[in-house]
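Architecture at a glance
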Amino acid sequence: MKKTLLLTLFTLISASLHAQNFELGARAGLNSTKLKYAEASTETLLRPIISFITEYKLSERWSLEGSLGYIGKGGGNFEEEEKLSSGIDGLRTKLEYISFTLILRYYLMKENKLRPFIAIGPGISYTISATQMGNDIKDDLRSTSDLSSNFGLGVKYNVKNKLFLEVVGGIDRGWSKIIRAEGESLFNHSFGVTVGVKKVL
């Protein structure tokens, strides 16, 4: 999976550098994130998102986006009732990742100054730091990566020729067992909002 995603990103960038429909930029924002198991979940934390992004226009309405950057995930403590049922306490967890996503975009209208879009695709994140209550989490109690699915809605604004501003809000649902605590496996769930700037090369 790792090699396939990285190869796809490299191919996308290499092929697009010679095309007029290739955009390059960056974005930043906040991630409202929590950890879940079964029907229970932790309190949310606000964590940062920073990434470099590329977009390759496939047709008038479809495009392919790749992003590479930093994302903060994790979660706070369980609510009192859930602490009692799970037996887990003092869970406040901060997870730091290098993240790569490959997203398919569909624009709801043709070329226009303001264009809303739908975005969906997979992501994979690699752990660079994992702490619980300020202490490092032992390697045998955590996963080194997180495979996720992403769904988002956004709008892209043509500021001027070849320069775009966009705002995106999206859900990132993790499928990897991130933390193992008291016999339970915890998964990442987050909702992020980012603002980005991109330019046609």
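Residues numbered from 1 in each chain as written. Predicted model: local features only at pLDDT ≥ 70, side-chain atom pairs only at ≥ 80, totals over all residues. Heavy atoms only, no water.

1. Section: the pattern of salt bridges
Under the criterion given, the structure shown has 15 salt bridges. Among the salt bridges present, the one from Glu166 reaches Arg105, with a minimum N-O distance of 2.7 Å. Of this pair, Glu166 sits in strand β9 (residues 163-174) while Arg105 sits in strand β5 (residues 93-107), placing them 61 residues apart in sequence. In this structure, Glu166 and Arg105 share a single accessibility class: buried. (Salt bridge = Lys/Arg side-chain N within 4 Å of Asp/Glu carboxyl O. Helix = DSSP H or I, 4+ residues; strand = E, 2+ residues; numbered from the N terminus. Buried < 20%, exposed > 50% of the residue type's maximum accessible area, 1.4 Å probe, protein only.)

2. Observations concerning the nonpolar core
Ranked by size, the top nonpolar core spans 14 residues in total, and within it Tyr37, Phe78, Leu95, Tyr97, Ile178, Ile179 and Leu186 carry the most contacts. Within the residue set of this core, elements represented by two or more residues are β1 (22-37) and β5. In this structure, Ile103, Tyr107, Ala119 and Val168 belong to the second largest nonpolar core, which totals 5 residues. (Core = buried A, V, L, I, M, F, W, Y, C linked by side-chain atoms within 4.5 Å.)

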